[in-house]
Amino acid sequence: MGDIPEIGSISKRHGIQPGWTRKYEVQPEGPISIDPGNDCEDVEDNENTAFTWEVKANNWDFHTKFKEKFLCWQKKKYKTNAIHTAKYNFFSFLPLNLYEQFHRVSNLYFLLIIILQGIPEISTLPWFTLFAPLVCLFLIRATRDLVDDVGRHRSDHAINNRPCQILSGKSFTWRKWKHIQVGDVVCLRKDSIVPADLLLLASTEPSSLCYVETADIDGETNLKFRQALTVTHQELTSATKMASFQGTVRCEDPNSQMHQFVGSLEWNHRKYPLDIGNLLLRGSKIRNTDACYGLVIYAGVDTKIMQNCGKIHLKRTKLDLLMNKLVILIFLSLVAISLALTLGFSVMIKDFKWKHHYLSVKHTRTEILESFLIFWSFLILLSTVVPMSLFIITEFIYLGHSLFINWDAGMYYKPLAMPAKARSTSLNDQLGQVQYIFSDKTGTLTQNVLTFKKCCINGHIYGPEDEDGTPRQEMPYMWNEFADGKFLYYNKQLLHTVRHRQDGVVQEFWRLLAICHTVMAQEEDNQLLYQAASPDEEVLVTAARNLGYVFRSRTQDTITVLELGEERVYQVLAMMDFTSDRKRMSVLVRNPEGSICLYTKGADTVILERLYKRGEMEETTEEILADFAGQTLRTLCLAYKEVSEEDFEVWESQHHRACLLLQNRAQALYQVYDKMEQNLQLLGATAIEDKLQDGVPEAIKCLKEANVKVWMLTGDKQETAVNTGFACQLLTENTLILEDQEINCILETYWESNNNLLSPGRNLKSLPQINMAMVINGDFLDQLLLSWHKEPQALVQNVVMDKTWQEPGQMRRDFRQAVGLSRMWQNSRFPLALASHTQESPKVRRERAFVDLASRCQVVICCRVTPRQKAQIVALVKKYRQAVTLAIGDGANDVNMIKTADIGVGLAGQEGMQAVQNSDYVLAQFCFLKQLLLVHGRLSYVRISKFLRFFFYKTAACMMGHIWFSFYNGFTAQPLYEGWFLALFNLLYTILLVFYIGLFEKDVSAEQSLDMPRLYMAGQREALFNYRIFFQAIAHGTATSLINFFMTLWISRDTAGPASLGDYQSFAVTVAVSGLLSVIMEAILVIKYWSVLCVLAVFLSLGFYAIMTFFTQSLWLFRISPSTFPFLYADYTVLTQPSNLLVILLNMATTTLPILAFRVIHQHFRELRPKEEEALKDEIFTVERMLHLRRAAPTRRSSYAFSHREGYADLITRGAILKKSPKLHRDSPVPSDEEQQPHRNTRKTSFVVKKIHQSLGS
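Where an unreviewed UniProt entry is consulted, the protein appears under the name Phospholipid-transporting ATPase, with the organism given as Dipodomys ordii. Its UniProt record gives the protein the following Sequence similarities (unreviewed entry) comment, quoted word for word: "Belongs to the cation transport ATPase (P-type) (TC 3.A.3) family. Type IV subfamily." Turning to the protein, the UniProt record has this under Cofactor (unreviewed entry): "Mg(2+)".

This is the structure:
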């Protein structure tokens, strides 16, 4: 809750503001001054503090002289405001990209082979024949990386060149963001984006308030307020005074803590405390404030949002990493085989020299040197087992898969005319292996549009007329001149009842909505406009407005409402603000008739237990609330009561005494509020719909069936996030929700007790699976992830736990819940092997235990988390689960998470394009994620896996023949095949088949993939390509080469004549043709999706072989270069003899029929085998089977429509938020006389606040 400032005089300095509870409180560093007129603290310097960041206003020379030592040179301590999120620059692109390229072991392998090919004594082919393809491969990958990085450079350029007004001399001038420096004073207008982290100095609003929207930081669209110090608000009233401002700010070094800031302002020999409430963060947007002025504290990469952005990671797929290991394995195998063959050569050469000693003159090299050269010759000869064409073809297949994603009409979003886009072409197969999805909420799952859907008054439901098919009346609110034309809700019966004043309860219902709120009203161009702290408040007040109860204006102690044309002024006696613990808001007013009424709205869990009776109407309303909750509507209960003068006088004295307390004031006030909010009369309930994006529940349901876990990471409050979880079917009524207390209890039980987490027979994995969800917040993660923090330890020490006030009975219920869970875990004892992490530190063990527990949950919802915390959660899952993760979001607060995940998906939403620019894939709607994963991801994984398996098979089937031939050529490293056959086998003869398998092969249609989500689980298990599949392919290829080689050898052993295969060339051609036909037959057998393209690929492969053989074995090429084209008419000679054709046919049948029979028999037995029942469903215990663990009230209904932050009621009652009449206006600080704009209002000062200061000061 640290992102909401404390506003006020005494309450601000002591952290005891009414209606405000902070879970963490920053303790002041020295004695506190209670002079409210200057907000001053005599902050003592402490040697142990981390306040080493010093900023002097309007003093640029001071900041430029500070340097930090970095390696061998020094860099500036205070950065400029320019940002650079791109990976490369002009100078670093080539070396850095080459460094990344050689992270692939295959590239190092090919480089070694090229170097060996450059040695004439051992070379079998010219070095450039391998060098050219390697350069081509590097260029393809480098071009892809360059295109991605150019987009980042363009984004950085656009952001760095945004305009901004900076104080220069005694006036403000327009300059670019990149020119902003620490210590500058900046002027921002309404709807401007904050360019750096600024200390708010003044604004045109009363008391120098400033309203900001932080959607790009935490995803919340409700307004937050920031306030300048009183001293700067009163003194800095013009550009001239700001130019002479020489204050010094001392604060913490740049860090990633978005909701915390500690510092002090030293000015005129006085020190004033600063907290997060005085800071405007970069990325925020100024709302409802004509102009504000700020001092730059952090700039550029030092700002909190940039500290949370993270770095660009080199993303590698699981198949890519597996290929690295396989290349190493193959290389080591080739070295071993080459050594064995070299040993055979050394034996043969010794025997040859002993028998033919008279030829020793021609053998000038020693046996050791000959063996050494033969070893490298064998290594080069066998290096074709890993051909470079494999990786080049893979790049083109990835490109094809990306184009299929871009061309998919099913992921085209018509309202925005936006198709899906694959910004990365190397992660497509990993889309088919995702196990965890981390999703933002606002703008990703929801549309961020709230609508008034239904209401229940006195036990009667009033839904929209068009819900049951009745056509909606056009312009139903024409009778109301103040009606909002965009308001869609309409109920004829309700409107008739309201207009004719037929029901007193209905009147009180709408009167409550018009009075009990913190909305501000203003008129512009004869239009009534509302400024609300949350969209929920605005929707409710607008509903009352359209129904004839129009909130017109408010002062410090009155509210004016136009009730069906009659203006009524209510005197505000007290405002009892909303807090996350109270879950309600109340207003005590005196109506024009003189009677006192209390109007209360809040969550049903707190309102229903405060009613003075529970009759039939109350029970009916409770059932209706359950029905509303089942429709995933955000509910709010409304109640009121009349208060006698005697009771009010007694309560007022208690309230006054509580307000004068200097310690525990907030707790005392909450208790006083609770006394008044008793014996209420229920009026009814409202139901607001937080609209989800189209198809979100269906998409999540489908993904869950595919064994994909969806976690929600949001900066929004817990109640809103939980409600969205129910709406999108992440949570159900039978889900047991674990919160901070229960999680801590479970972790402590398995970690610190005598039943240690890592002891034999005890582990979280041994727990029975329960249908449960985990709901945690950012504060909990801060405590859990202390080992991840890089901030100074002093910052952590300044944050202490504060005992927040809780509702009566809530602490007892939470304790019983935690104890019940702990006992359940203790009673579950299942044998498990010893853990292998006994050497880990306690912090790491705690993190591992947390991830294990979270992975046992069906859903995890993280609320109030910063962008850095989102990335840390993703990193934890990657670290301890080794699972493929996908992050999806639409705002700048999701960038770090998107970068950290294995796959990042950006939604083109309302929060800008930052997420899109840092993502791997771009979608317009969350529901398209189902199509992206289950169709494109699964098919890409299937195709790549089958492509790799077939490629390794065909390579082994032909190239292993060199090994068998070595036993018959004296181990001389002579190739078995014609050189042109070796060169064209992968590049031409089989390329169409592997392209077809990699691009078009599929086992089921796209519709069937969506209908059967469980098919997706094969990719999660890595079932289609792994070590076992690889060795199967190599074994199959080796068997094929053995049959083709030795069948041909045995048949031709005792033959002679023209039809004989006894000569080298005829034998080589027969084995080559047999191998090629065996490979083509294998392709025909494994391809499941046949089309015209497949038939063409088969015939063109044969055609290419016939055509190229005709040319390479022709007479005219033989005459030109006999050494290059030695196989003169070899194929023609062999293939024109029927006996040779029979040998080829026999080889092909022998290699094909056994494997075909094996596959048919294996498939038959698989179909006969009874299907295994899903043990998961049998192990899951629903909440009904654990009644003793249920909460006192259903968690489902605690998600109420009340999302604004506390503190606004105090601003209203103090008058700090109210604009006064023109006679009280003061001159505002203006940029210059020339730049003064007619539409900008001048800044006002609250007269009431000044009077309070004077009275307290005296």
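The structure having been displayed, the exposition proceeds.
Enquirer: Help me understand the pairing of strand β11 (residues 248-251) in this model?
Expert: Each regular strand carries side chains that alternate between the two faces of the sheet. With four bridges connecting them, strand β2 (residues 53-56) and β11 associate as antiparallel partners. From the neighbouring strand, Glu54 faces β11, where its bridge partner is Arg250. The sheet contact formed by β11 and strand β12 (residues 263-267) spans four bridges and is antiparallel. Within the sheet, the bridge partner assigned to Val249 lies in β12 and is Leu265.

Enquirer: Explain the environment of Gly1037 to me, please; I cannot follow it from the model alone.
Expert: When you line up the elements, Gly1037 lands in helix α36 (residues 1027-1051). With residues up to four places along the chain from it excluded, the contact list for Gly1037 reads Tyr953, Ala956 and Ala957.

Enquirer: What is the right way to look at the side chain of Asn324 in this model?
Expert: Counting through the fold element by element, Asn324 comes out in helix α10 (residues 318-355). Once you skip the residues sitting within four places of it in the chain, Asn324 turns out to touch His103, Arg104, Val105, Ser106 and Arg316.

Enquirer: How should I be thinking about the packing of helix α26 (residues 842-856) against helix α27 (residues 867-881) in this particular structure?
Expert: The packing of two helices is summarised by the inter-axis angle and the distance between the axes. As a packed pair, α26 and α27 sit with axes 10 Å apart at the nearest point and diverge in direction by 95°. Classified by the angle between their axes, α26 and α27 sit roughly perpendicular to one another. Residues Val844, Glu847, Arg848, Phe850, Val851, Asp852 and Ser855 of α26 form the contact with α27, whose participating residues are Leu876, Val877, Lys879, Tyr880 and Arg881.

Enquirer: I keep staring at the UniProt feature "binding site: Mg(2+)" (unreviewed entry) in the protein and nothing clicks. Help me out?
Expert: As recorded in UniProt, the feature "binding site: Mg(2+)" (unreviewed entry) lies at Asp440, Thr442, Asp890 and Asp894. Taken along the chain, the residues just named run across 455 residues; in space they keep tight, none of their C-alpha pairs more than 10.8 Å apart. Assignment of secondary structure puts Asp440 in the loop between β18 (436-439) and β19 (446-457). On the basis of relative accessible area, Asp440 is assigned to the buried category, the value being 0%. With residues near it in sequence (within four places) discarded, Asp440 still touches Leu445, Leu713, Thr714, Lys870, Ile888, Gly889, Asp890, Asn893, Asp894 and Met897. In this structure the side chain of Asp440 is engaged in a polar contact, spanning 3.4 Å, whose partner is the side chain of Lys870. In this fold, Asp890 is placed in the loop between β35 (885-889) and α28 (895-900).

Enquirer: What should I look at first to understand the sheet that holds strand β29 (residues 681-692) in this one?
Expert: Pairing between sheet strands relies on hydrogen bonds along the backbone, with the strands arranged either parallel or antiparallel. Here nine strands make up an open sheet; going across it, the order is β20-β19-β29-β28-β27-β26-β25-β24-β23 and the pairing antiparallel. Strands at the two margins of the open sheet, each flanked by one partner only, are β20 (460-462) and β23 (549-554). The average angle at which neighbouring strand axes cross in this sheet is 30°, direction not considered. In this sheet, β20 lies alongside β19 in antiparallel orientation, the contact comprising three bridges. In the strand pairing of β20, Ile457 is matched with His460.

Enquirer: How should I be thinking about a negative patch on the surface in this particular structure?
Expert: A surface patch of like charges, here negative, comprises Glu646, Asp647, Glu649 and Glu652. Within the secondary structure, Glu646 sits in helix α18 (residues 645-659). Assessed through its relative accessible area of 53%, Glu646 is described here as exposed.

Enquirer: It is not clear to me how helix α20 (residues 696-705) should be interpreted in this structure. Could you clarify?
Expert: Because an α-helix packs 3.6 residues into every turn, residues spaced three or four apart end up facing the same way. Within α20 the residues assigned to the buried category are Val696, Pro697, Ala699, Ile700, Cys702 and Leu703. Here the buried face of α20 lies against β18, β29, α21 (718-727), α30 (928-959) and α34 (1006-1011). Trailing α20 by a residue or two, Asn707 shows a phi angle of about 65°, which is positive.

Enquirer: Even after reading the chapter, I still don't get the packing of helix α12 (residues 388-406) against α30, so can you show me in this structure?
Expert: Put simply, α12 and α30 touch, their axes get as near as 11 Å, and they point 160° apart. Judged by the angle between their axes, α12 and α30 are roughly antiparallel. For the pair α12 and α30, the sense of crossing is right-handed. Every residue of α30 that contacts α12 at Ser389, Leu390, Ile393, Thr394, Ile397, Tyr398, His401, Phe404 and Ile405 is listed here: Leu932, His936, Ser940, Arg943, Ile944, Phe947, Leu948, Phe951 and Phe952. A per-class count over the contact of α12 with α30 returns twelve nonpolar, five polar and one charged.

Enquirer: What is the right way to look at the environment of Leu167 in this model?
Expert: Within the fold, Leu167 resides in strand β5 (residues 163-168). The class of Leu167 is buried, set by a relative accessible area of 3%. Spatially, the C-alpha atom of Leu167 lies 9.8 Å from that of Thr240, the residues being 73 residues apart in sequence. Excluding anything up to four places from it in sequence, Leu167 contacts Asn58, Trp60, Phe172, Val185, Ala239, Met242 and Ala243.

Enquirer: Mind showing me how you'd approach the packing of aromatic side chains here?
Expert: To describe a pair of aromatic rings, one takes the distance between the centres and the angle between the planes. For the structure shown, the criterion picks out 49 aromatic pairs. Judged by centre distance (5.5 Å) and plane angle (80°), the ring pair of Phe110 and Phe391 falls under edge-to-face. Of the two residues, Phe110 is situated in helix α4 (residues 105-117) and Phe391 in helix α12; the sequence distance between them amounts to 281 residues. The exposure class of Phe391 is buried, given its relative accessible area of 8%. Look at Phe780 and Phe850: their rings are 6.2 Å apart centre to centre, the planes differ by 50°, and that puts the pair in the tilted class. Residue Phe780 is located in helix α23 (residues 778-784), and its partner Phe850 is located in helix α26; the two are separated by 70 residues in the primary sequence. For the pair Phe780 and Phe850, one class covers both residues: buried. Here a set of aromatic residues connected by ring pairs shows up, and it is made of Phe452, Tyr477, Phe487, Tyr489, Tyr490, Phe509 and Trp510. Its end group placed over the ring of Trp177, Arg162 keeps NZ or CZ at 4.9 Å from the ring centre. Here the guanidinium or amino end of Lys954 rests over the ring plane of Phe951, the centre of that ring lying 4.0 Å away.

Rules of the game
- Residues numbered from 1 in each chain as written.
- Predicted model: local features only at pLDDT ≥ 70, side-chain atom pairs only at ≥ 80, totals over all residues.
- Heavy atoms only, no water.
- UniProt positions renumbered as here; feature names shortened; annotations may be inferred.
- Pairing = 2+ DSSP bridges.
- Helix = DSSP H or I, 4+ residues; strand = E, 2+ residues; numbered from the N terminus.
- Contact = heavy atoms within 4.5 Å.
- Axes fitted to C-alpha atoms, helices over the stretch in contact; angles between N-to-C directions.
- Parallel < 35°, antiparallel > 145°, perpendicular 65-115°, else oblique.
- Buried < 20%, exposed > 50% of the residue type's maximum accessible area, 1.4 Å probe, protein only.
- Polar contact = N/O pair within 3.5 Å; in protein donor to acceptor, adjacent residues only side chain to side chain.
- Patch = residues over 30% accessible without salt bridge, like charges linked within 9 Å, V, L, I, M, F, W, Y side chains within 5 Å.
- Areas by Shrake-Rupley, 256 points an atom, 1.4 Å probe, with all protein chains shown as cover.
- Salt bridge = Lys/Arg side-chain N within 4 Å of Asp/Glu carboxyl O.
- Lys, Arg positive; Asp, Glu negative; His and termini not counted.
- Charge placed at Lys NZ, Arg CZ, Asp CG, Glu CD.
- Left-handed = near helix turned anticlockwise from the far one by under 90°.
- Nonpolar A, V, L, I, M, F, W, Y, C, P; charged D, E, K, R; others polar.
- Phe/Tyr/Trp six-rings, centres within 6.5 Å; stacked < 30°, edge-to-face > 60°.
- Lys NZ or Arg CZ within 6 Å of the ring centre and 35° of its normal.

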